[in-house]
Protein chains: 2
Amino acid sequence: MEENRARLLHAARRAFAAKGYGDAVMDDFAAEAGLTRGALYHSFGDKRGLFAAVVGQIDGEMAARAKAVGARAGDGFAALVAEGAAYIEMALDPEVQRIVLLDGPAVLGDPSKWPSQNACLEETRRAVERLMADGVLKPVDLDAAARLLTGAALTAALWVAAGDDPGSRLPKAVEAFRCLSEGLLAPSR
Amino acid sequence: MEENRARLLHAARRAFAAKGYGDAVMDDFAAEAGLTRGALYHSFGDKRGLFAAVVGQIDGEMAARAKAVGARAGDGFAALVAEGAAYIEMALDPEVQRIVLLDGPAVLGDPSKWPSQNACLEETRRAVERLMADGVLKPVDLDAAARLLTGAALTAALWVAAGDDPGSRLPKAVEAFRCLSEGLLAPSR
DNA sequence: ATTACGACATACGCGCCGTATGTCAACTCA
DNA sequence: TGAGTTGACATACGGCGCGTATGTCGTAAT
């Protein structure tokens, strides 16, 4: 069964990414997984449940990747910026775009309330928390700062991908994001 | 006919805000306006067209309001921050939330490509442009900066509204937004 | 006066979701 | 070991909502 669940999830993920939530049809990815809708409703409850599962999966992957990038960049402010840049680049993936950035909020509501608890958001929250405790960042509200940072990064990604030449916009977006992040830095030292 | 168009728009706006794009039914707001779906399809083409019109209307109102707030706050950096704060407050309106922030991107794609040309985005773009020309802001990419600022503000609003007590989150969000904005300030003077 | 046209209303089909019901294996337990 | 139970699906059905094709009626044009 775990096998089937995974195949359904995979098929659904592709369909949601390709057609968007509204136009993706249950029968299609059930068939693609070699099953029927019965299996879907049994495993995921309804269409939203299935979608939430897909979102959770992608979110987890993004958080893991961001964490890895952050770790590689040390543990200071640079790591935070690196994580943000990583989010921007990851969100260039059409799958992430369509599912997490566009349909996700519309179907599941604000990301901070997602069932997957938004691992992605949690990750930068921890990073901000550390930096704030170390006095590197201004003591603004923790959650607000984390939410705005990820929001800005993902917004940036959307902008990058919406352009005709993502390659040229990407560095501009990363640079702008870095500047904004620096606004959180505590004055001098 | 202009009269009818306006009534349909009004009814649709209420329905979209209350139920979301997916659950809002054409017949309902046609009936609410005292007409049938025929009138809708005649005036707006299809459901997306109608939705786009609603989004354009709200977007215009928001931009106008932001402009007014900005003007009242002078023409310096403070005005930019004030505009951002204004966006955050405006986005506390459930109508704006549901229509512009949640369903908008899902149905119409990235805001920077909206048919309404996103007056709201244009407005801050101009503000940033002035400040950058005056050397108040760092010379980062204009569009990127504007997009990230509005994105951050609207993201912040979503976060504020998602909480149990919006009143307590609002000042935190505005404060965090102000900090981020300051990251764009050119070093000293 | 006939024609053309625009603003709607009406009618219809089609797709898709959810749910109710059926099937069949594996497993339990006396 | 065989009757009962449960869980993982498949199948069947109803209903709703969108889009479109078609009809109607008033008004302007010539």
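Residues numbered from 1 in each chain as written. Chains lettered and ligands numbered in written order. Predicted model: local features only at pLDDT ≥ 70, side-chain atom pairs only at ≥ 80, totals over all residues. Heavy atoms only, no water.

Q: Hey, could you run me through the protein's contact with DNA strand C in this one?
A: Taken together, 14 residues surround DNA strand C, and among them Arg37, Tyr41 and Lys47 of chain A together with Asn4 and Thr36 of chain B come closest. In DNA strand C, atoms within 4 Å of the protein come 64% from sugar and phosphate. The separation between a phosphate oxygen of DNA strand C and a polar side-chain atom of Thr36 of chain B is 2.5 Å. One of the side-chain N or O atoms of His42 of chain B is found 3.0 Å from a phosphate oxygen in DNA strand C. Elements that contribute at least two residues to the surface near DNA strand C include exactly helix 3 (37-44) of chain A together with helix 3 (37-44) of chain B. Broken down by class, the residue content of the surface near DNA strand C amounts to 7 nonpolar, 4 polar and 3 charged. (Near = heavy atom within 4 Å. Polar contact = N/O pair within 3.5 Å; in protein donor to acceptor, adjacent residues only side chain to side chain. Helix = DSSP H or I, 4+ residues; strand = E, 2+ residues; numbered from the N terminus. Nonpolar A, V, L, I, M, F, W, Y, C, P; charged D, E, K, R; others polar.)

Q: Hey, could you run me through the nonpolar core in this one?
A: Most often, soluble globular proteins keep nonpolar side chains buried together rather than apart. Phe16 and Phe29 of chain A together with Phe16 and Phe29 of chain B are the most contacted members of the largest nonpolar core, which has 139 residues in total. With sequence-adjacent residues up to four places away left out, Phe29 of chain B is seen in contact with Leu8, Ala11, Ala12, Ala15, Phe16, Ala24, Leu40 and Leu50 of chain B. (Core = buried A, V, L, I, M, F, W, Y, C linked by side-chain atoms within 4.5 Å. Buried < 20%, exposed > 50% of the residue type's maximum accessible area, 1.4 Å probe, protein only. Contact = heavy atoms within 4.5 Å.)

Q: Quick question: what am I supposed to make of the protein's contact with DNA strand D here?
A: Around DNA strand D sit 14 residues, and of these Asn4, Thr36 and His42 of chain A together with Arg37 and Tyr41 of chain B come closest. If you look at DNA strand D and keep only atoms within 4 Å of the protein, 65% of those are sugar or phosphate atoms. Separating a phosphate oxygen of DNA strand D from a side-chain N or O atom of His42 of chain A is a distance of 3.0 Å. Between a base oxygen of DNA strand D and a side-chain N or O atom of Arg37 of chain B, the distance comes to 2.5 Å. The element that contributes the greatest number of residues to the surface near DNA strand D is helix 3 of chain A, accounting for 4 residues. A per-class count over the surface near DNA strand D returns 7 nonpolar, 4 polar and 3 charged.

Q: Could you clarify how one ought to interpret the interface of chain A and chain B in this entry?
A: How big an interface is tends to be stated in terms of the accessible area lost upon association of its parts. Tallying the contact residues gives 35 residues for chain A and 35 residues for chain B. Taking both sides of the interface into account, the surface hidden between chain A and chain B amounts to around 2900 Å²; carbon and sulfur atoms contribute 73%. The largest contributions to the chain A side of the interface with chain B come from Leu148, Trp159 and Leu180 of chain A, which together make up 23% of the buried area. Between the two partners, chain A and chain B, sit 4 salt bridges. A salt bridge links Lys138 of chain B to Glu182 of chain A, with the shortest nitrogen-to-oxygen separation between them at 3.1 Å. Those elements that provide at least two residues to the side of chain A that touches chain B are helix 6 (94-108), helix 8 (142-162) and helix 9 (166-182) of chain A. Looking at the side of chain A that touches chain B element by element, the count peaks at 13 residues for helix 8 of chain A. (Buried area = accessible area lost by both parts, 1.4 Å probe. Salt bridge = Lys/Arg side-chain N within 4 Å of Asp/Glu carboxyl O.)

Q: I keep staring at the packing of helix 4 (residues 47-72) of chain B against helix 5 (residues 77-90) of chain B and nothing clicks. Help me out?
A: Relative placement of two packed helices is described by the angle separating their axes and the distance separating the axes. All names here are of chain B. It is at 8 Å that the axes of helix 4 and helix 5 come closest, and there the two elements cross at 140°. Judged by the angle between their axes, helix 4 and helix 5 are oblique. Along this stretch, helix 4 crosses helix 5, giving a crossing that reads as right-handed. The residues of helix 5 that touch helix 4, namely those facing Met62, Ala63, Arg65, Ala66, Val69 and Gly70, are Ala79, Ala82, Glu83, Ala86, Tyr87 and Met90. Grouping the constituent residues of the contact of helix 4 with helix 5 by class yields 9 nonpolar, 1 polar and 2 charged. (Axes fitted to C-alpha atoms, helices over the stretch in contact; angles between N-to-C directions. Parallel < 35°, antiparallel > 145°, perpendicular 65-115°, else oblique. Left-handed = near helix turned anticlockwise from the far one by under 90°.)

Q: What is the right way to read the pattern of salt bridges from this model?
A: In a structure, side chains of opposite charge can pair up when their charged atoms sit close to one another. Tallied over the full model, the rule gives 30 salt bridges over all chains. Between Asp28 of chain A and Lys19 of chain A there is a salt bridge, with the nearest N and O atoms lying 3.2 Å from each other. A residue is classified by how much of its surface remains accessible, and Lys19 of chain A, at 42% relative accessible area, is partly exposed. We note a salt bridge from Arg147 of chain B to Asp110 of chain B, for which the minimum N-O separation is 2.8 Å. With a gap of 37 residues between them, Arg147 of chain B in helix 8 (residues 142-162) and Asp110 of chain B in the loop between helix 6 (94-108) and helix 7 (119-133) connect regions that are remote in the sequence. Ionic contacts of the salt-bridge type, sharing partners, join the residues Lys138 of chain A together with Glu175, Arg178 and Glu182 of chain B into one network.

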